[in-house]
Amino acid sequence: MKINRISVLGQEVKIEYVDLGVSSNYGEYHDDCSTILIDKNLSEDIMMQTLLHEIVHVVCARLGISGQSEFPALVEEVLAETFSKAIIQNFRLLPMKKS
C-alpha cells in the first residue's frame, strides 16, 4: 500500500513515488516543499523502510536540527537508518530476517 500524505509534528508532508534513476538514494526529503520522494522501483518492503527513514529526516528538519553543525549529517543518517530498522523490526511491519 502506497501512502501519499502523512502528518509530522502537525505539518503535512506529501509523498511521491518517482524514478530516482542511478542515484544511490532510495528516497529523499525536500524540506522546501515538504515532500518525500521514494524510488518507485523498490520492493514494497524497502519502500516502507525508506519511508520510515525519510520520516526521521522530516522530524530532524521540523525540530530545526537538520544541517546544524552541532548535529552532523552523518549522525542524522545513522539515526534515520537505525530508527527505521528498529520500528520495522519491533512493530512487525516487515518480517525479521534470520541471521
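Okay, so let's go over this structure. Predicted model, so just to flag it, every value in this text is computed and none were measured. (Residues numbered from 1 in each chain as written. Predicted model: local features only at pLDDT ≥ 70, side-chain atom pairs only at ≥ 80, totals over all residues. Heavy atoms only, no water.)

1. Here we look at the overall build of the protein chain
When helices and strands are tallied, the protein chain shows 2 helices and 4 strands. The C-alpha radius of gyration of the protein chain comes to 13 Å, within 12% of the 13 Å expected for a compact globule of 99 residues. Seen along its three principal axes, the alpha-carbon backbone of the protein chain occupies a region of about 40 × 30 × 30 Å. Considering the protein chain as a whole, with its 99 residues, one finds that 34% of them fall into the buried category. In the protein chain, of all internal contacts separated by at least 6 residues, the share reaching a separation of at least 24 is 36%. Carbon and sulfur atoms make up 55% of the accessible area of the protein chain, which amounts to about 6,600 Å² in all. Placing the 9 positive and 14 negative side-chain charges of the protein chain at their respective mean positions leaves the two points 9 Å apart. (Helix = DSSP H or I, 4+ residues; strand = E, 2+ residues; numbered from the N terminus. Rg over C-alpha atoms; globule rule 2.2 N^0.38 Å. Buried < 20%, exposed > 50% of the residue type's maximum accessible area, 1.4 Å probe, protein only. Contact = heavy atoms within 4.5 Å. Areas by Shrake-Rupley, 256 points an atom, 1.4 Å probe, with all protein chains shown as cover. Lys, Arg positive; Asp, Glu negative; His and termini not counted. Charge placed at Lys NZ, Arg CZ, Asp CG, Glu CD.)

2. Quick notes on helix H1 (residues 44-63)
Between its first and last C-alpha atoms H1 spans 29 Å; for 20 residues at 1.5 Å apiece the expected length is 28 Å, and the two agree. Following H1 by one or two positions, glycine 64 has its phi on the positive side, about 80°. (Expected span 1.5 Å × (residues − 1).)

Read these as geometric descriptors, not functional statements.
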